[in-house]
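Reading the structure
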Amino acid sequence: MFEKAGRKKKRLGDLLIDAGVITEEQLGRALTEQKQTKEKLGSVLIEMGFTTELEIAEALKEQLGLEFVQLHSLMIPADVTGLISDSALLKKYTVMPFAFQQEHAGYLRLAMADPMDLVAADDLSIITNLQIEPVVATPTDIMAAIDRYYGNAETQAVAEQYNRERAMRHAEEEEASEDEDVANSPIVILVRSTIEQAARMRASDIHIEPLENRIRVRFRIDGVLLEHNSYQVNLMSAISARIKIVGGMDISEKRRPQDGRISQVVDRMEYDIRVSILPTVYGEKIVMRLTSKQTLTREKKLLGFSAEELQRFDRILSNPNGMILVTGPTGSGKSTTLYTALSELNREEVNIVTVEDPVEANIDGINQVQVNNKAEMTFAAALRSILRQDPDIIMIGEIRDNETASIAVTASITGHLVVSTLHTNSAASTISRLADMGIEPYLIADSTVGVIAQRLVRRLCGECKKKRLATRLEKQLLGRSDDEEFAVYKPCGCNQCNNSGYRGRIGVYEIMPVTPRIRRIIAQRGSAEEIEAQALREGMKTLKMSAARLVLEGVTSISELQRIAYSNEEEQV
């Protein structure tokens, strides 16, 4: 199969030049860099910003006359994955078997990041005793497929290897040298592989939980916890110790909660991982939150704003001073909205200072301060110092108490733009929360320029969602008449969405600019209901109305809308 397309004769760099993807000068620079890093040429070209995975794959497809495949949309049969048990070999060559060639039972279809890699094809041909038919795929897609089909077996094998090695040691030695257990390579591989698998599955959190008879590993994907793996309970101390070491925590402390941070690169994307360890009756529970700079600083149009909401958002951001508040419960995407706003405001002539707990992503050109209560660097203490740093824009990670709220309000009135978050359920109730913190209503009215309440709803999987007619109750929920006939979509589940029916999340927003009329209601100590009624008259869409729009557009489901509607009813009660 390889000789037919002449893949022996041409190197990747020459092929990309012929396809117009890179220039000769760029290839020369990449080859020089490759000598230093020893990485594959394709990876070096992407790292240097000369091209992308998809551009390379398209060029290989066109120049070599090969098929391009997206593995995430396929269900690979067990008899195909069973042909190769060594996932490390697949990762080494960045290849993934996915089907038999139907016309020729002796051909194995192999997704390859580099289909000109004859050594990889020969090795796989010898192992499987089959001829190889190469197909082009992106490296990220291949690595995600390897994790999906081999990940659990790989981590289980590592866990078994650790247990075998541990069993060979004498009981007294095992107790005396826990540090040796920690440095043991199987545990290092186990922790690293778990983080890699979570990142490739789009997980926001990893939960490692000691139960009575086993360790349960769960990933939070699109806001829902799903069990990913399970290990013998005697692995817990070694896993915990390894995570403490890389997270900069005290390995000997097992009775108190601890917090730490880990940084790990997965598929050329750097993840900042916040670690929390909590002692429980069966051992230390570990939760790791994964964030990356790329996901926190997105373009505004990718956040889920409608055209009208985008205009309102831009108008609020254009204020030279005042206070902008982003509200919602934990995990509602507030940090992403704040970082997106800061990235847009980040210009050479502007001094932006943030105070956060913790700093979730480092942004070039912005001065970011980490809260440290042990060193008496609280939000309030940091804010007082920041005001002496000649700031134009101040970002406060969260307003938690009267002192922080007072400084924020004072700063916004004295010519600074302050952006911050609060934990409230609607835009209008945010004003009441500030008043509950002891801020005078006339000060709230003078300082606040806009409030954005938000939630995240799950996106329906585009591959498996199904259309059906809305019921009478659903029409009422969507604010439509009983006589109107229209369709909504329901989640079904397929390989691409891990059988959940959903893939990814999108923001739902309630944007309330503080207009002169709303300002008067606030100053006169008006209730949240009065403020919301005026905002609705001025064109504000509530969270429920925004979610209903997404349901009618086929983006999300009725059940996701009901979740938002229920939380709002709770707040009103």
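Refer to the preceding data block for the structure.
These notes cover the structure that comes with them. Keep in mind the model is a prediction, meaning the values are calculated, not measured.

**Quick notes on unusual backbone geometry**
Unlike most non-glycine residues, Thr94 shows phi in positive territory, near 55 degrees. Assignment of secondary structure puts Thr94 in the loop between α6 (87–93) and β1 (95–100). Residue Arg202 is not a glycine yet carries a positive backbone phi of 65 degrees. Its place among the elements puts Arg202 in the loop between α11 (185–200) and β4 (203–210). A residue is classified by how much of its surface remains accessible, and Arg202, at 31% relative accessible area, is partly exposed.

**Some points on helix α15 (residues 334–345)**
For α15, built from twelve residues, the straight-helix expectation of 16 Å at 1.5 Å per residue is met to within 8% by its first-to-last C-alpha distance of 17 Å. With nine of its twelve residues buried, α15 lies for the most part within the structure. Three or more residues of α15 are buried, namely Lys334, Thr336, Thr337, Leu338, Tyr339, Thr340, Ala341, Leu342 and Leu345.

**Digging into the pattern of salt bridges**
Within the structure shown, the criterion is met by 30 salt bridges. Of the charged contacts in the structure, one is a salt bridge between Arg200 and Asp267, with a shortest N-O distance of 2.9 Å. With Arg200 in helix α11 and Asp267 in the loop between β7 (258–266) and β8 (269–280), the pair connects residues that are 67 residues apart, well separated along the chain. By relative accessible area, Asp267 is classed as partly exposed at 27%. Salt bridges here are not isolated pairs; linked through shared partners, they connect Lys91, Asp147, Glu196, Arg200 and Asp267.

**Focus: the sheet that holds strand β3 (residues 131–136)**
Sheet strands associate in pairs through backbone hydrogen bonding, adopting either a parallel or an antiparallel arrangement. Read from one edge to the other, the open sheet built from three strands follows the order β1-β2-β3, with strand pairing classed as mixed. At either end of the open sheet lies a strand with only one pairing partner, and these are β1 and β3. Put simply, the sheet's adjacent strands are angled 35 degrees from each other on average, direction ignored.

**Quick word on the packing of aromatic side chains**
For the structure on display, the rule yields two aromatic pairs. When the ring of Phe305 is compared with that of Phe313, the centres are 4.8 Å apart and the planes differ by 25 degrees; the resulting orientation is stacked. What makes Phe313 buried here is its relative accessible area of 3%. Aromatic rings pair up to connect Phe305, Phe313 and Tyr509 into one cluster. It is Lys465 that lies over the ring of Tyr489; its NZ or CZ is 4.6 Å from the centre. Above the ring of Phe486, the side-chain terminus of Arg480 is found at 5.5 Å from the ring centroid.

**A closer look at the packing of helix α14 (residues 307–317) against α15**
Packing of α14 against α15 leaves a shortest axis separation of 11 Å and a crossing angle of 60 degrees. For the element pair α14 / α15, the angle class is oblique. The interaxial crossing formed by α14 with α15 has right-handed handedness. Residues Phe313, Asp314 and Leu317 of α14 touch α15, and the partners they reach there are Thr337, Ala341, Glu344 and Leu345.

Each value, and the rule that gives it
Residues numbered from 1 in each chain as written. Predicted model: local features only at pLDDT ≥ 70, side-chain atom pairs only at ≥ 80, totals over all residues. Heavy atoms only, no water. Helix = DSSP H or I, 4+ residues; strand = E, 2+ residues; numbered from the N terminus. Buried < 20%, exposed > 50% of the residue type's maximum accessible area, 1.4 Å probe, protein only. Expected span 1.5 Å × (residues − 1). Salt bridge = Lys/Arg side-chain N within 4 Å of Asp/Glu carboxyl O. Pairing = 2+ DSSP bridges. Axes fitted to C-alpha atoms, helices over the stretch in contact; angles between N-to-C directions. Phe/Tyr/Trp six-rings, centres within 6.5 Å; stacked < 30°, edge-to-face > 60°. Lys NZ or Arg CZ within 6 Å of the ring centre and 35° of its normal. Parallel < 35°, antiparallel > 145°, perpendicular 65-115°, else oblique. Left-handed = near helix turned anticlockwise from the far one by under 90°. Contact = heavy atoms within 4.5 Å.

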